[in-house]
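Residue-level structure breakdown
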Amino acid sequence: QQERLTVVSLYCPNPGGDNSDPTTVWAQQRARMKEIATDRDKVSDGDVRTACLKEFQKWANTRKDKGEKLVVLADANQSLTDTKETYNLKDLVELCEFTSTMECKHPGESLKLLDRGSKTIDHVLVSGIGDNKITHAGQLPFGLGFHTDHRGEFADMNGDSMLKIIMEEPKERQGQRL
C-alpha cells in the first residue's frame, strides 16, 4: 500500500497591533485580510495568527483524512503552552493530533529558540508518525551554520519504517503576493 509523507513549513507572524510598522509581515497580512473581506462584503478582525492557524488546521486535517503523514517545520512565534490568544498553537496541536518531536524525546527540556526571548517558539511537529519512529530530536547552538536569531531544531526518524512512502518530484508553483 502506498503511503504519503508531506513535509511543510508553517510561519505564523508575530502579533502586532493597529499601530504596527506597515512593513512587518503582520501588518501586511492584516491589511490584505481586511482587503479580501471587503471584496467579499465581510468583516475581518485582522487576527492574522488565528487565521493562519485555523487555515493550517483545515489543510492538515484534509491531508490526514487522506491518510497522509505530516512533518511540520513551524516558526510559530508561540510556545506549545501559550493560551493568551483565542486560538493558539496548543489548540492546533491538540485538534490535529500533532506530536512535538522535542517533547517526545526530551519532555520539558526544550531550550529557548530565540536569542532575545525566553520561550520555545519553533517546533518540529509530526502526525501519523509514531513516537517510536522518532529516534532523536535536539536543538543546535545559536549561530551554528547560519546567521539568525533562532536556534536550529532537528528530528531524526526511523526511515526503515517509512520506506513504503513514494516521494513525488516537487511541483513548480506560481508565486503569490499578499
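Residues numbered from 1 in each chain as written. Predicted model: local features only at pLDDT ≥ 70, side-chain atom pairs only at ≥ 80, totals over all residues. Heavy atoms only, no water.

**Describing the nonpolar core**
To keep things clear, this is the line we draw: Note on terminology: a nonpolar core comprises buried Ala, Val, Leu, Ile, Met, Phe, Trp, Tyr and Cys residues joined through side-chain atoms within 4.5 Å. Only protein chains enter the accessibility calculation, which uses a 1.4 Å probe; a residue whose area is less than 20% of its type maximum is buried, one above 50% is exposed, and one in between is partly exposed. Note on conventions: DSSP H or I runs of at least 4 residues are helices, E runs of at least 2 residues are strands, and numbering of each starts at the N terminus. Contacts are assigned to residue pairs that have any heavy atoms within 4.5 Å of one another.
If you look at the biggest cluster of nonpolar residues, it comprises 18 residues, and the most contacted ones within it are L10, F56, V72, L89, L92 and F98. Those elements giving two or more residues to this core turn out to be β1 (5-11), α2 (48-65), β2 (69-75) and α3 (89-95). In this structure, V72 is in contact with V8, L10, F56, F98, H123, V124 and L125, ignoring residues within four places of it in sequence. The next biggest cluster of nonpolar side chains, apart from the first, holds five residues, and it includes V124, V126, I129 and I134.

**Re the side chain of S79**
This is how the line gets drawn: Contacts described as polar in this section are N or O atom pairs within 3.5 Å, which, within protein, must combine one atom able to donate a hydrogen with one able to accept it, while residues neighboring in sequence count only if both atoms come from side chains.
Position of S79 among the secondary structure elements: in the loop between β2 and α3. The exposure class of S79 is buried, given its relative accessible area of 7%. A distance of 3.0 Å separates polar atoms of two side chains, one belonging to S79 and the other to T81. For S79, the residues in contact, after removing those within four places along its chain, are L89, K119, T120, I121 and H123.

**Quick word on the confidence of the model for the protein chain**
Threshold: Here pLDDT means the predictor's own confidence in every residue, given as a number from 0 to 100.
For the protein chain, per-residue confidence averages 79 on the pLDDT scale, and residues scoring 70 or more make up 82% of the total. The spread of mean pLDDT over the elements of the protein chain runs between helix α1 (residues 25-39), the lowest at 77, and strand β3 (residues 99-100), the highest at 92.

**Section: α2**
The condition is simple: Residue count minus one, scaled by 1.5 Å, sets the expected span of a helix.
Taking 1.5 Å of rise per residue, the 18 residues of α2 would be expected to cover 26 Å, and the 26 Å separating its terminal C-alpha atoms lies within 8% of that figure. By the burial criterion, the buried members of α2 are V48, R49, T50, C52, L53, F56, Q57 and A60. Of the surrounding secondary structure, the elements contacted by the buried residues of α2 are β1, α1, β2 and α3. Note on α2: the residue one or two positions beyond its end, G67, has a positive phi of about 85°.

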